[in-house]
Amino acid sequence: MLLATLASALLLSGPVAATPAKEAPWLPEAAAYRLTLFLGNLEPLPWDDIETAWSEPYRGSEFSTGAVEWLDRESDIKPDGLLNAMMREDRQAVFAEATRLIALRIEEELDRALATEDPATAQQALRTARELYRAFEDGVAAADSEAARRIGLAWLELNSSTGFSGVLGAGSTSADRETMESARAVISGYLAENYLVDDFATRRALSALPETAVLSGRAIEVPPSLPPGSDIFDQDPLPLLVLNFEEQGIDETDLPLVAYGDMLFDSAQIFGSPARDLGITCSTCHNRSDINQRLFVPGASHQPGAIDVDGAFFNPIFNDRRDDPLDVPSLRGLRFTGPYGRDGRFASLRDFTRNVIVNEFGGDEPTPFMMDALVAYMLEFDFLPNSMLTTDGRLTDTAQAAARRGEEIFNRPFAGLGDRSCASCHVPDANFLDRQAHDIGSVAPGYEGARAGALDTPTLLGTAYTAPYFHDGSLPTLAAVVDWFDETKSLGLTEDDRADLTAYLETVGAADEPYEAFDTENTAFRLAFAELTTFASTIDTLLPRRDAEHILLLTDTVAADLSADASTMSNLPARPEVYALAAVGAAVRVEDWEAAEASWTAFKSEADAIEERAF
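Reading guide: rules and limits
Residues numbered from 1 in each chain as written. Predicted model: local features only at pLDDT ≥ 70, side-chain atom pairs only at ≥ 80, totals over all residues. Heavy atoms only, no water. Helix = DSSP H or I, 4+ residues; strand = E, 2+ residues; numbered from the N terminus. Rg over C-alpha atoms; globule rule 2.2 N^0.38 Å. Buried < 20%, exposed > 50% of the residue type's maximum accessible area, 1.4 Å probe, protein only. Contact = heavy atoms within 4.5 Å. Areas by Shrake-Rupley, 256 points an atom, 1.4 Å probe, with all protein chains shown as cover. Lys, Arg positive; Asp, Glu negative; His and termini not counted. Charge placed at Lys NZ, Arg CZ, Asp CG, Glu CD. Phe/Tyr/Trp six-rings, centres within 6.5 Å; stacked < 30°, edge-to-face > 60°. Lys NZ or Arg CZ within 6 Å of the ring centre and 35° of its normal. Patch = residues over 30% accessible without salt bridge, like charges linked within 9 Å, V, L, I, M, F, W, Y side chains within 5 Å. Salt bridge = Lys/Arg side-chain N within 4 Å of Asp/Glu carboxyl O. Disulfide = S-S within 2.5 Å. Core = buried A, V, L, I, M, F, W, Y, C linked by side-chain atoms within 4.5 Å. pLDDT = per-residue confidence, 0-100. Polar contact = N/O pair within 3.5 Å; in protein donor to acceptor, adjacent residues only side chain to side chain. Expected span 1.5 Å × (residues − 1). Axes fitted to C-alpha atoms, helices over the stretch in contact; angles between N-to-C directions. Parallel < 35°, antiparallel > 145°, perpendicular 65-115°, else oblique. Left-handed = near helix turned anticlockwise from the far one by under 90°. Nonpolar A, V, L, I, M, F, W, Y, C, P; charged D, E, K, R; others polar.

Trainee: Go over the overall build of the protein with me, naming the residues and quoting the values.
Mentor: Helix and strand content of the protein: 25 helices and four strands. Over its C-alpha atoms the protein spans a radius of gyration of 28 Å, differing by no more than 12% from the 25 Å that the globule rule assigns to 615 residues. A principal-axis box enclosing the C-alpha atoms of the protein has dimensions of 85 × 65 × 55 Å. Expressed as a percentage of its 615 residues, the buried residues of the protein come to 53%. When contacts within the protein are restricted to residue pairs at least 6 apart in sequence, those whose partners lie at least 24 apart make up 67%. Of the accessible surface of the protein, which amounts to about 28400 Å², a share of 52% is contributed by carbon and sulfur atoms. Taking the average place of the 47 positive charges on the side chains of the protein and the average place of its 102 negative ones, the gap between the two points comes to 3 Å.

Structure below.
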């Protein structure tokens, strides 16, 4: 009954985004093609990145060579037309040549599969062909579900009819050539009609849609996807979250506004497409209030941990047409670190947060309740405890001698700093910041005479775990930061001075426990489940108010994430129980408040028992 209820709830709830799923590796040429589609839709178009997509392995690739070199080694197909189109910076020609190249590679592998008498060789060629077809697959599925079904069946028939070489010569079977030829004809016919045409219709947006669908003029939406090399998963180890109310022994379930804000911070539903459809949330960039050092999106990131949120991908109307990815900042101690934004352009955390939702990620205008909740939650973010530092920013007796010497340098005035010290901006008894913006010369001016290089002074607390440094992540270590200031500001530090000042910064930026500790009972799922049930506790407040809008936002988020996170449970029999919350949303969606209250009462009664068994 529970599984049937869940199925009904998910069908009624509409599209939801949950924890993103990892995808299988891409073959070099298929990866380069998908990167070409993605990058080709950015404005301005990053031609250097498109060239790199074909000349070098994509980030995280299991292959050591780029697509062009791979083709030279593995294929008789030459990418000359594609390379010429890239040289001319002809977007349409690049799309056409790249599309034909992938289709020809599929045909090449199918030829190999049918030409060989060896079943193992045929099966390997078919696996390669099938992996290459993956580059077109979502386009075919979006445009023509019946064609997608026929082609999927053809791949199955091909694989099942190649024969079997047996084990030590026993049990071998011959290939069914007639079935192979028939199945191959289905695939090749579709490729010829849609991906091997002489002239492709001009594409406003590059996608893997088949040519016949484009020519039909129908409005077809291909589900958003990130290109190969992307990484939006939480960093590992997971940063420790320190919340002010928890440190005071207050349970989040007793703070419904904070708990709802906590949910929103983990909800993709507050953003627009494509972020919402990809499962991107506030916590994607800011893991547990800190930073995600593995975050990377080709075309939007120049290195892990950085993102250009005002580019063409997330919200084209907010595109500033500048390639300016920023290092993701930590949100620890947020109530102390205003103004907000790298250049301090937002005095209000509320205005800053709305800008992120509506402008950067294209979400709908949040309700006042949503804004109240998000701000209430984020204002609870605290700095990591550091026993080597007093609350007024002085080193304790536990600090090493080098750090103590560095503390004196940190507070020493320098002529190169206008007779000020490092501590003049990073004020120790004010959480190592001054709430002002300064132009230290780290930002290249956008034009001659520009005065736009002033950046908000960042705190130094917790910085031992937030490398790289500066707004663009251009300096890899705190030692590099010291070197930069010494060299650009002519501080005249000796080698020992640099080492001592670095030791001081590392001590100030340290923490007693920077990461979440997991064991056999305190599992990642148990942490996630406890968070999600805490989010759900706000239904106690929302149900009596018959607040359907905010209940549905919660259940669409929490039910989907419970479903995704249940895959990490080791206690398999307990999995179905974690899905029960979806029934609340299903009842609210049809305004059956009595059923919603019954489902919620049932979920609460089981929650403690589920958590106890769900590890």
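Trainee: An account of the packing of aromatic side chains is needed here, citing residue identities and associated values.
Mentor: Evaluated as defined, the whole model comprises 23 aromatic pairs. Consider the rings of Phe 95 and Phe 200, whose centres lie 5.5 Å apart with planes at 75°: the pair is edge-to-face. Of the two residues, Phe 95 is situated in helix α6 (residues 91-115) and Phe 200 in the loop between α9 (177-194) and α10 (211-216); the sequence distance between them amounts to 105 residues. A relative accessible area of 2% means that Phe 95 is categorised as buried. Relative accessible area serves as the criterion here: at 9%, Phe 200 is assigned to the buried category. Plain terms: the ring middles of Tyr 133 and Trp 155 are 5.8 Å apart, the flat faces sit at 45° to each other, and that makes the pair tilted. Note that Tyr 133 is positioned in helix α7 (residues 119-143) and Trp 155 in helix α8 (residues 145-160), a separation of 22 residues in sequence. Residue Trp 155 is classed as buried on the basis of its relative accessible area of 2%. Pairwise contacts between aromatic rings join Phe 38, Phe 271, Phe 313, Phe 314 and Phe 361 into one cluster. The aromatic ring of Trp 26 is capped on one face by Arg 134, whose charged end is 3.8 Å from the ring centroid.

Trainee: Tell me about a negative patch on the surface, residues and numbers included.
Mentor: Taken together, the side chains of Asp 48, Asp 49, Glu 51, Glu 89 and Asp 323 present a region of like negative charge at the surface. As for its placement among the helices and strands, Asp 49 is situated in helix α3 (residues 47-55). Of the residues examined, Asp 49 reaches a relative accessible area of 35% and is grouped as partly exposed.

Trainee: Break down the state of the cysteines for me, citing the residues and quoting the values.
Mentor: Chemically, a disulfide is nothing more than a covalent bond linking the sulfur atoms of two cysteines. Inspection of every chain in the model, using the stated rule, returns zero disulfides. Counting only cysteine sulfurs, Cys 285 is the nearest neighbor of Cys 282, a cysteine outside any disulfide, at a range of 8.4 Å. Residue Cys 282 is classed as buried on the basis of its relative accessible area, which comes to 13%. Between Cys 422, a free cysteine, and Cys 425, which holds the nearest cysteine sulfur, the sulfur-to-sulfur gap is 8.8 Å.

Trainee: Explain the nonpolar core residue by residue, including any values.
Mentor: The biggest cluster of nonpolar side chains holds 125 residues, and the ones touching the most others in it are Trp 54, Ile 106 and Phe 136. Take this core: its biggest share by element is 12 residues, from α6. Sequence-distant contacts of Trp 54, defined by excluding residues within four places in its chain, comprise Glu 29, Ala 32, Tyr 33, Thr 36, Gly 66, Ala 67, Val 68, Leu 82, Met 86, Ala 98 and Leu 101. One finds Leu 475, Leu 478, Trp 484 and Tyr 504 within the second-largest nonpolar core, a separate group that totals 28 residues.

Trainee: Describe the environment of Pro 458, with residues and values.
Mentor: Residue placement: Pro 458 occurs in the loop between β4 (455-456) and α19 (478-488). Remark: the alpha-carbon pair of Pro 458 and Leu 433, spanning 25 residues in sequence, is separated by 6.1 Å. When neighbours within four sequence positions are excluded, Pro 458 is seen to be in contact with His 426, Phe 432 and Leu 433.

Trainee: So what about the confidence of the model for the protein? Which residues, and what values?
Mentor: Where the model shows low pLDDT, its predicted coordinates should not be examined in detail. On average, residues of the protein score 91 in pLDDT, and 91% of them are at 70 or above. Ignoring residues within four places in sequence, the model shows residues 1-18, a span with pLDDT below 50, making 29 contacts including any to other chains.

Trainee: Requested: an account of the side chain of Thr 281, with residues and values cited.
Mentor: Relative to the elements of secondary structure, Thr 281 occurs in the loop between α13 (275-278) and α14 (282-285). Using a relative accessible area of 9% as the deciding quantity, one classes Thr 281 as buried. Within the local environment of Thr 281, its side chain forms a polar contact with the side chain of Ser 283, the two groups lying 2.8 Å apart. Excluding anything up to four places from it in sequence, Thr 281 contacts Phe 265, Asp 266, Ser 267, Ala 268 and Phe 271.

Trainee: Before we move on, can you summarise the side chain of Gln 92 with the specific residues and values?
Mentor: Looking at the element boundaries, Gln 92 is found in helix α6. Within the structure, Gln 92 has its side chain in polar contact with the backbone oxygen of Ala 201 (distance 3.1 Å). For Gln 92, the residues in contact, after removing those within four places along its chain, are Phe 200, Ala 201, Thr 202 and Arg 203.

Trainee: Could you give me a rundown of helix α21 (residues 524-536), with the residues and numbers involved?
Mentor: The first and last C-alpha atoms of α21 sit 18 Å apart over 13 residues, in line with the 18 Å expected at 1.5 Å per residue. Burial of α21 is extensive: 10 of the 13 residues sit out of reach of the surface. Listed as buried for α21 are Phe 525, Arg 526, Leu 527, Ala 528, Phe 529, Leu 532, Thr 533, Thr 534, Phe 535 and Ala 536.

Trainee: Describe the packing of α19 against helix α20 (residues 495-508), naming the residues involved and giving the relevant values.
Mentor: Orientation of α19 relative to α20, taken along the N-to-C sense of each, is 130°, at an axis distance of 9 Å. Considering the angle they form, α19 stands oblique to α20. The element α19 and its partner α20 pack so that their crossing is right-handed. Of the residues in α20, those in contact with Leu 478, Ala 479, Val 482, Asp 483, Asp 486 and Glu 487 of α19 are Arg 498, Leu 501, Thr 502, Leu 505 and Glu 506. Residues belonging to the contact of α19 with α20 are distributed by class as follows: five nonpolar, one polar and five charged.

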